[in-house]
Amino acid sequence: KVRHPKVVEESFIDIDIIFLFLNFFGDLARGSSNTRLTIPVTRDEFQKVLQRQIDLRWEAHNLSRFRHNFCDDTGTLFFPEVHEPLLSESLLVETWVEGSTVSSIFIQVGEGL
């Protein structure tokens, strides 16, 4: 995976827009009634979560945790290995694993196969 070069900057703009709309609609609702709209997360908390999601090192960390947590489940679940020397916040290189994706299995289950 390669992160788009401007995704970090664009995420800050997205956060600004999201919270601008939330504040606008919160003020609008408050003006028409005594109801107050709130969100369960602050702007800073939301920004930290989003920044963590766009850092591919975090994805590599989670992938390694999955590999470790399911290491005894041989033959059923496979997770690619991270190629650590090439890992950075904007680049993630993994081994190729042949198999079915989780989403395709859910579709098969939903179709009754």
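Please refer to the structure higher up on the page.
One structure accompanies this document, and this report is about it. Model, not experiment: these values are computed from the prediction.

Before going further, it helps to examine the overall build of the chain. A count of helical and extended segments in the chain gives four helices and zero strands. Its helices and strands taken in sequence order, the chain reads α-α-α-α from the N to the C terminus. Residues classed as buried in the chain amount to 13% of the 113 residues present. The contacts of the chain with a sequence gap of at least 6 include a subset with a gap of at least 24, amounting to 56%.

Here the structure, examined in full by the defined rule, presents five salt bridges. In this structure, Arg57 engages Asp55 in a salt bridge whose closest nitrogen and oxygen atoms are separated by 2.7 Å. On the basis of relative accessibility, which here comes to 41%, the residue Arg57 falls in the partly exposed class. Judged by relative accessible area, Asp55 falls into the buried class, the value being 16%. Measuring nitrogen to oxygen at the nearest pair gives 3.4 Å for the salt bridge that ties Arg57 to Glu89.

Turning to the side chain of Asp55, a few remarks are in order. Locating Asp55 in the fold gives a position in the loop between helix H2 (43–54) and helix H3 (56–69). Ignoring anything within four residues of it in the chain, the contact list for Asp55 reads Arg3 and Glu89.

The rules behind each value
Residues numbered from 1 in each chain as written. Predicted model: local features only at pLDDT ≥ 70, side-chain atom pairs only at ≥ 80, totals over all residues. Heavy atoms only, no water. Helix = DSSP H or I, 4+ residues; strand = E, 2+ residues; numbered from the N terminus. Buried < 20%, exposed > 50% of the residue type's maximum accessible area, 1.4 Å probe, protein only. Contact = heavy atoms within 4.5 Å. Salt bridge = Lys/Arg side-chain N within 4 Å of Asp/Glu carboxyl O.

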